[in-house]
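# Survey of secondary and tertiary structure
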Amino acid sequence: MLNLLVFADNTTLLSNLLLQGTEFLPLLQSRDDLYGLYIYNMFYLHKLMLGFLFGEFEPANSYALECRNYLITVPESVGVAVLYFYDSLLALAQLSQPLGEEPTTLERVAERQTQLQHWAHHAPMNHHHKFDLVGSERCCVLRQKTEAGELYHKAISGAKGNTCNNKQLPTN
């Protein structure tokens, strides 16, 4: 939370007096602590979110890759749905950058959308607006402005309807 409230030199550094990530990961790995590694991976997920929100796409891409290494082992965890959401938004944001690899990136987004749709079906109050928001961003990239606007308004309405005020507009 402090990373969002205070100007920091490294906006994705999650560290404090109790936790130094660079020291904690080797300890978990040496003990084969899979649950601990899963929990630690949630830090990568938060770093991915911060990287996206601050427009630091290169590090965010690395964090997404780290997340996939651990979160995929627990496919029904809520963290996986969050990963698919931010990974999709990150991929679409990178398409607006020079040298965006459109076919590969759009395939990645399509795969994530399939997974988000699964989550949206089973927990629409938590995930359907995310599914719609990614769809809207995809339409923007493909220059389908009318459909993008419709999905965007649907995503906002869904987030408001389910009192997800903090998740209404996490796009750049």
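As for its placement among the helices and strands, A155 is situated in helix α8 (residues 145–161). Residue classification places A155 among the buried residues on the basis of a relative accessible area of 1%. Taking the C-alpha atoms as reference, A155 lies 5.1 Å from D132; in sequence the two are 23 residues apart.

Moving on: the pattern of salt bridges. Pairing between side chains becomes possible if they bear opposite charge and their charged atoms approach one another. For the structure shown, the criterion picks out three salt bridges. Here D87 ties to R68 by a salt bridge, and the two come within 3.1 Å at their closest N and O atoms. Separated by 19 residues along the polypeptide, D87 in helix α5 (residues 78–95) and R68 in helix α4 (residues 57–71) bring together distant segments of the chain. Using a relative accessible area of 0% as the deciding quantity, one classes D87 as buried. In this structure, R112 engages D87 in a salt bridge whose closest nitrogen and oxygen atoms are separated by 2.7 Å. Taken as a pair, R112 in helix α6 (residues 102–122) and D87 in helix α5 lie far apart in primary sequence, 25 residues in all. Taken as a pair, R112 and D87 share a single burial class, namely buried. Linked through salt bridges whose partners overlap, the residues forming this network are R68, D87, R108 and R112.

This model, assessed by the stated rule, comprises four aromatic pairs. Taking the centre distance of 6.3 Å and the plane angle of 40 degrees together, the rings of F52 and F57 count as tilted. We note that F52, like F57, is buried. Measuring from ring centre to ring centre gives 5.0 Å for F85 and Y86, while their planes differ by 75 degrees; the resulting arrangement is edge-to-face. For F85, a relative accessible area of 4% translates into the label buried. Taken together through their ring pairs, the aromatic side chains of F52, F57, F85 and Y86 make up a single cluster. The cationic tip of K130 hangs over the ring face of F85; the distance from NZ or CZ to the ring centre is 5.8 Å.

Conventions we followed
Residues numbered from 1 in each chain as written. Predicted model: local features only at pLDDT ≥ 70, side-chain atom pairs only at ≥ 80, totals over all residues. Heavy atoms only, no water. Helix = DSSP H or I, 4+ residues; strand = E, 2+ residues; numbered from the N terminus. Buried < 20%, exposed > 50% of the residue type's maximum accessible area, 1.4 Å probe, protein only. Salt bridge = Lys/Arg side-chain N within 4 Å of Asp/Glu carboxyl O. Phe/Tyr/Trp six-rings, centres within 6.5 Å; stacked < 30°, edge-to-face > 60°. Lys NZ or Arg CZ within 6 Å of the ring centre and 35° of its normal.

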